[in-house]
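Report on the structure
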Amino acid sequence: MNDTQRSEYVCTIQQRIAELARERPQECFTALNHYLTVDWLKAAYERVKPKSAPGVDGQSWSDYGKNLDENLCGLLNRVKSGSYVAPPVKRVHIPKDGKETRGIGMPTIEDKVLQRAITMLLEPIFEQDFKSCSYGFRPGRSGHEALACIWSQCMHRGIRWILEVDIRKYFDTLKKEWLRKFLDRREKGQLSYPEDGTPQGGVISPLLSNIYLHEVLDCWYVEEVKPRMKGRVFLVRFADDFIVGFERKEDAEKVYRVLFKRFEKYGLSLHPEKTRLVPFGCPKETKDNQDDGLRPGTFDFLGFTHFWGKSRQGRWIIRRKTMRKRLTRGLKAISQWCRENLHEPMLEQVEQLGRKLKGHFGYYGITGNTEFLQRFRREVIGIWRKWLARRGDPKGMSWERMQKLLAFFYIPEARVVHSIYAAKP
């Protein structure tokens, strides 16, 4: 098959699996192994990012592709015979919130191919079961849709309390025995993937994360929590990050009390300081002594700080701005890049910085965040100027010279990409 035929072949099978899963919601699939072929593995290989970091064996995507047919036939034989053993996962620890570190797993390219192949088989099944409150790492869904849902719910449905939740080291602590039980409800039999643990960074990890929290949180919320609430309530989850919004304080306190025990039952723990109830009623309502007269607070979610503010017309609306930690982290990354590429040609530096700015605006460019987008751009220009001044040019890099440089080279302007007004109540 050529690439186009292979893509159509995969889509056709996935549609058929999805159709069967939708028609038979209680059925456990036991005959998926025959779909795992060399062509299926080739399609999986093509979906692995070519610039993926190599694992412990040091083999790159292009290296593995030099003898692709031979490598995939060998992989398929080992998987089918049950002799495949996932190699150790290379781990890199990156800073998180300035204090803790987050372990990122880097499986080998071959392991990524197998993970991607199995994800391609399992995703159509579990997508039929996942709830509408789940947005992370799902086809056709995004973080901006999650943000739009939060804005819409809080603006139009009288939400006055937000339960902000932080799961401690989620990917390191989820229990394999529970995950196996959850998987067995929909897939059991010949198909297996004997990986020990789900390192963050693994190709299959986002799907496994959604399956686990679908059972632990989403189903519990829909079937047990929501029917018992006296007021309106909503849940928005993006992978292992989620918030719950409440109209009534008594509902919020009730869920807060049982949430810790619910997660402990499945081997997960919530951060006691970062998991908190935040008053979030509209300021004009709190003046009337609602919510015990508490002023609305702020909460962080998906890289944004959410707060109440005035619109240009003087109305109270929910606004979002780039989280301070995200802003600082992004600028540190820019500074590091400028230092490492100090002596690269000017045109190449401008092009790379332009891509980085466009990427930043592409995510953080939402209605009301223009000030922080412009601030980020100004800071990036200042950082770039600082490092250009260290190139050893006898003329230096005064601001006057920098302005001439900016007039000659194009640096993308801050721009809003996502509108909150697309959100529906």
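Up top you'll find the structure we're talking about.
Residues numbered from 1 in each chain as written. Predicted model: local features only at pLDDT ≥ 70, side-chain atom pairs only at ≥ 80, totals over all residues. Heavy atoms only, no water.

Of the volumes computed, that of the second largest pocket is approximately 460 Å³. When contributions to the lining of the second largest pocket are tallied by element, the ones reaching two or more residues are α6 (143-156), β8 (304-310), β9 (316-322) and α14 (370-388). No other element matches the five residues that β9 contributes to the lining of the second largest pocket. Taken together, the residues of the lining of the second largest pocket break down into nine nonpolar, five polar and seven charged. (1 Å grid on protein atoms, 1.4 Å probe; cavity = no way out; pocket = protein on both sides within 12 Å on 5 of 7 lines; lining within 4 Å. Points joined across faces, edges and corners; volume = space filled by probe spheres on them. Helix = DSSP H or I, 4+ residues; strand = E, 2+ residues; numbered from the N terminus. Nonpolar A, V, L, I, M, F, W, Y, C, P; charged D, E, K, R; others polar.)

All chains considered together, the criterion is met by one cavity of 30 Å³ or more. Of the voids in this model, the largest cavity is the one considered here, and its volume is about 40 Å³. Lining the largest cavity are Leu-217, Trp-220, Tyr-221, Val-225, Leu-235, Phe-242, Val-244, Val-255 and Leu-259. Counting residues per element, the ones that place at least two in the lining of the largest cavity are α9 (205-225), β5 (241-246) and α10 (249-265). Considering every element that reaches the lining of the largest cavity, the biggest residue donor is α9, with four residues. For the lining of the largest cavity, a count of residues per class yields nine nonpolar, no polar and no charged.

On to the packing of aromatic side chains, then. Two measures describe an aromatic ring pair: the distance that separates the ring centres and the angle between the ring planes. Summed over all chains, the structure comprises 19 aromatic pairs. Ring plane angle 85° and centroid distance 4.9 Å describe the contact between Tyr-363 and Tyr-364, whose orientation is recorded as edge-to-face. Three or more aromatic residues joined by ring pairs form one cluster here, namely Tyr-170, Phe-171, Trp-178, Phe-182, Tyr-212 and Tyr-266. Sitting over the ring of Tyr-135, Arg-141 keeps its end group 4.4 Å from the ring centre. The aromatic ring of Phe-307 is capped on one face by Lys-321, whose charged end is 5.3 Å from the ring centroid. (Phe/Tyr/Trp six-rings, centres within 6.5 Å; stacked < 30°, edge-to-face > 60°. Lys NZ or Arg CZ within 6 Å of the ring centre and 35° of its normal.)

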